[in-house]
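# Structural features, examined
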Amino acid sequence: MNFFKRAAIGLSILLLVCTSIGYGQVVVGNDGPSEPIKVDYSAPKTYEIGGITSSGTAPLEQRLLAFHVGDRIDIPGEKISQSIKNLWKTGLYDDVEISITRISGDIAFLDVRLEDRARLLSFGFKGTTKSEENDLREKLHISQGNIINDNMKTVCANTIRKYYIDKGFYNCQVDVQEIEDEKIKNAKSLLFDIKKSKKVKISKINITGNEGVTDAVLLRSMKETKEKFRFMPMYKMDTAIAYCAKHPGYYESKDIKDHLDDYFADRVKLRIFKKSKFIKESYEDDKVKLIDRYNELGYRDAVIVKDSFYMDGHDVHIDIDVNEGPKYYFRNINFVGNTVYPTTLLKQLLGIEKGDVYNQTLLNKSLTMKEEGDDIASLYMNNGYLFFSANPVEVAIENDSIDIEIRIREGKQARYNKITISGNTKTNDNVIMREITTIPGQLFNRADIIRTQQVLMSLGYFNQEKMNVLPKPNEADGTVDINYVVEETSSDQLSLSAGYGATGFVITAGIAFNNFSTYKLFKKDAWTPIPGGDGQRLALNVSTNGTWYQYYNMSFTEPWLGGKKPNALTAGIYYQKQTNGKTKRDETYSSSSIAGASLSLASKLKWPDDYFQMSHTLSYEYYTVTNWSGYYVFSNGYANSISYIFSLSRNSVNAPIYPREGSSITFSMQLTPPFSLMSHKDYANASQQEKYKWLEFHKWKFNASWFTRIVDNLVLNVRFKMGFMGCYNKDIGISPFGRFYLGGDGLSNYSYDGREIIGMRGYDDAYLSPYQDGTDIGASIYNKFTAELRYPITLNPSATVYVLAFVEAGKGWIDKRQYNPFDMYKSAGLGVRVYLPMFGLLGFDWGYGFDEVPGRTNGPSGSKFHISINQSID
């Protein structure tokens, strides 16, 4: 009985609940009080829409509604629901409500109330540095007037967090706070409160399961995931070294080898440019690199069985368990499908012998990807076989040996069809096209395309990091279209400098238009701000401090004289004058001046290869000296110098601003007519004025510079320079004009007697050249060696910055009989180079001279700072 009572009570409660939820209330929006209208949601009624009004802070877009005035719809019903969905999808509204304002029979009047979302007034950061804030503002991509919603705040917070995670702040937290504006309605500011916490660094990477490959080798393969730097305990290191000294063969033992490799390779070498920070995405990439390294060492079956990382405060510990599998070796390698080239030649290029460790990376590189261009694909593609492909297939695996069959598909030869250029906004098409060696109708040649890229880079008009080539092959008709993609960068240069020297405060200004156009001088639209785009070069330089010193220089180069061949014509004039600051009316007035002009014609050669260039120059200089002593062999007089200069150079440097590969070699000779040999004067007893009325000498110079990529963008630059000056007549001897002065930064414009200034860091100006009776007399022969290790901080074309470490050795001699290339002054130091398109290459160096210079220094030259402009102190 009690059971039935409880069941009856429960049923009654259920009926009451169902009855109550079957109805909803909609308040009628009439003027004045109104009774609630009850709507039965379980039984919708059909109404005709008599009118639609809008309310709230946001305007209504009628197109978003699924109903219109005059439509008959169910209320509540699908049309109402769809309209609300449409309005919400826009993301523009903070609240959406559709209500009945009045019902007359079967006609209903509706109101759509929309509340506008807040708009962004401003945003700021808390817990950041100024530079970090600038970076974040660029990354967030939000601005005043944007609608504030949850999605926007989430995206911003995630962007900020990723920015800091990439910097090693793995525990970074971002709190987004909304601040309402008191004056502007519905406007808010966002404050991103950032709690970076400490950087998360990798304390230890534990690798287990590796028997054939040491920890150090595997750790080096992980390029971005590095342990914190820590020194090996000295007792551990000393023990390892001592044991290896007594037992040389034991070095191959894994325990000892791990200690030494781990210390020298991983703890030192890899810390130079990489910081220890944990980034999960980089860690995932590095796991792939670890397996790639195994594959390169012959372990083709190597896998990571499991891995994990866990936090310990602000340190991360990583555990990686690997299964190496067996080590494999190449056995038989056969080629099939090759008809153009014999198998013997292909095997020679492949460079893999039977018994070599199985290395899939090396195999692929030898087939298609060698930077030196001596792979099999280059052999075919340099002969037009653009559609060539080589597919290596493992055809047999027996024990630890693998047979490879390389299946060649040669295809047919392709020829160039259309050659186009894109991205040049200033440089004229013809200026670029005349440098391109890929001509329509010729056979495709990959080497020519690479060479064309190098030539375009050397022009200095384009961003070397953004240059690209886009081929569009058409195998059906055996043609290929080539599009050279360039990005203009500023090539004009402005130099402004000031310094204090022996003649007082000197101001120097110079401007070089490296992509000038004389053809557009009279075109009004071309002055933006100066006419350019035709590849000509106009340079102007002025240096003065008033009456003491004045220097003027102007040069112009037409790189394609006549427009048909790369014959560059350069004309230049200059004038330099120095005085003691007195006026000409003063009896103590003294001065020296040099006026000069030159005309040069340079031609590109095709033999031995197209990296060669030959130039011929005629030069004339006129020296006048008035009551001036110290730098010249006479105090009053004049001298003439007319000479012919021949130069032969080869430049294969792959980029003008930050070269990574290639070389630059130049040989030159400068000859004056042997005037004394054509006369019958007794020059042994002639005056200094008579001896040097017409200067005579022969000068020989050789410069070489090699660039070698060590790893990534780390580059070694080795340079060698030498010069020799001889005479025709022993009674006249070595000309005192035009000698070599070695030492310092090489910045001085004071050429005085036509001297050549060669910079060498760690020593003062001209300190490494002969010195006699308190006066620099210059050298007739000199040597200089330089080795620089360079690494870029940024390769951005608007501001390229790289650091360098250098060692140098050099010396000058007055007499060739004193020449000793093993007795030179040495220095070493550090420097930085900053390339700004408008100002050129700026250099700042600290050098330490190790040697004492007799008559110049007491003890080593010591610490010196140097500044260079548009040169590399080479």
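Anything mentioned here points back to the structure above.
Residues numbered from 1 in each chain as written. Predicted model: local features only at pLDDT ≥ 70, side-chain atom pairs only at ≥ 80, totals over all residues. Heavy atoms only, no water.

## Structural notes on the overall build of the protein chain
Under the convention used in this document: Every helix listed is a DSSP run of H or I at least four residues long, and every strand listed is a run of E at least two residues long, numbered separately from the N terminus. We call a residue buried when its accessible area falls under 20% of the maximum for its residue type, exposed when it is over 50%, and partly exposed in between, using a 1.4 Å probe and counting protein chains only. Working rule for contacts: check all heavy atoms of both residues, and any pair within 4.5 Å makes them a contact.
The helix and strand tally for the protein chain stands at 14 helices and 38 strands. Expressed as a percentage of its 874 residues, the buried residues of the protein chain come to 43%. Put simply, of all contacts in the protein chain between residues at least 6 apart along the chain, 60% involve residues at least 24 apart.

## Side note on the sheet that holds strand S14 (residues 389-398)
Our working rule: Strands qualify as paired when DSSP identifies two bridges or more between them. For helices, the fitted axis covers only the stretch in contact; all axes are lines through C-alpha atoms, and the angles between them, taken along N-to-C directions, range from 0 to 180 degrees.
Read across the sheet, three strands follow the order S13-S15-S14 without closing on themselves; strand pairing throughout is mixed. Both edges of this open sheet fall to strand S13 (329-336) and S14, since each of them pairs with a single strand only. The sheet shows a mean angle of 25° between the axes of neighbouring strands, taken without regard to direction. Alignment of S14 against strand S15 (residues 401-409), held across nine bridges, turns out to be antiparallel. Bridge assignment links Pro 392 to a residue of S15, and that residue is Ile 406. In the packing of helix H9 (residues 343-350) onto the sheet, the strands contacted are S13 and S15, and the crossing angle to S13 comes to about 140°.

## Remarks on the pattern of salt bridges
Opposite charge on two side chains lets them pair, provided their charged atoms get close. Put simply, the test is: Each salt bridge in this description consists of a side-chain nitrogen of Lys or Arg and a carboxyl oxygen of Asp or Glu lying within 4 Å of one another.
Taken as a whole and judged by the stated rule, the model has 48 salt bridges. The residue Arg 63 makes a salt bridge to Glu 61 at a minimum N-O spacing of 2.8 Å. Judged by its relative accessible area of 65%, Arg 63 falls in the exposed class. Each member of the salt-bridge network shares a partner with another, and the members are Arg 719, Arg 761, Lys 784, Glu 788, Arg 790, Glu 808, Arg 833 and Asp 845.

## Observations concerning the environment of Asn 382
Worth spelling out the cut-off: For the purposes of these results, a polar contact is taken to be a pair of N or O atoms within 3.5 Å, where, inside protein, one atom must be able to donate a hydrogen and its partner to accept one; residues adjacent in sequence count only when each atom of the pair is a side-chain atom.
Counting through the fold element by element, Asn 382 comes out in the loop between helix H11 (376-381) and S14. Taking C-alpha positions, Asn 382 is 4.1 Å from Asn 445, a pair spaced 63 residues apart along the chain. Excluding anything up to four places from it in sequence, Asn 382 contacts Phe 444, Asn 445, Arg 446 and Ala 447. Within polar-contact distance, the side chain of Asn 382 engages the backbone nitrogen of Ala 447 at 2.9 Å.

## Some words on helix H13 (residues 446-458)
Selection rule: For a helix, the expected span equals 1.5 Å multiplied by the number of residues minus one.
In this model, H13 (13 residues) spans 19 Å end to end at C-alpha, consistent with the 18 Å of a helix rising 1.5 Å per residue. In this structure, the buried residues of H13 make contact with strand S16 (415-422), helix H12 (429-433), strand S17 (468-474), strand S18 (479-485) and strand S24 (591-604). The opening residue of H13 is Asn 445, an N-cap whose side-chain oxygen sits 2.9 Å from the backbone nitrogen of Ala 447.

## Overview of the packing of aromatic side chains
Keep this limit in mind: Between 30 and 60 degrees the pair is tilted, below 30 it is stacked and above 60 it is edge-to-face, where a pair is any two Phe, Tyr or Trp rings, Trp via its six-membered ring, whose centres lie within 6.5 Å. By the criterion adopted, a ring carries a charge over it if an Arg CZ or a Lys NZ lies within 6 Å of its centre and within 35 degrees of its normal.
A complete count under the given rule lists 31 aromatic pairs for this structure. Between Tyr 380 and Tyr 385 the ring centres are 5.7 Å apart and the planes differ by 85°, which places this aromatic pair in the edge-to-face class. On the accessibility criterion, Tyr 380 (0% relative accessible area) is buried. Of the residues examined, Tyr 385 reaches a relative accessible area of 11% and is grouped as buried. Ring centres of Phe 702 and Phe 720 lie 6.2 Å apart, and the angle between their planes is 50°; on these two criteria the pair is classed as tilted. Pair noted here: Phe 702 is in strand S28 (residues 698-711) and Phe 720 is in strand S29 (residues 714-726), with a separation of 18 residues, a long-range link. Using a relative accessible area of 17% as the deciding quantity, one classes Phe 720 as buried. Put simply, the rings of Tyr 170, Phe 278, Tyr 283 and Phe 309 touch in pairs and so form one group of aromatic residues. We note Arg 137 situated over the ring of Phe 123; from NZ or CZ to the ring centre the distance is 4.6 Å.

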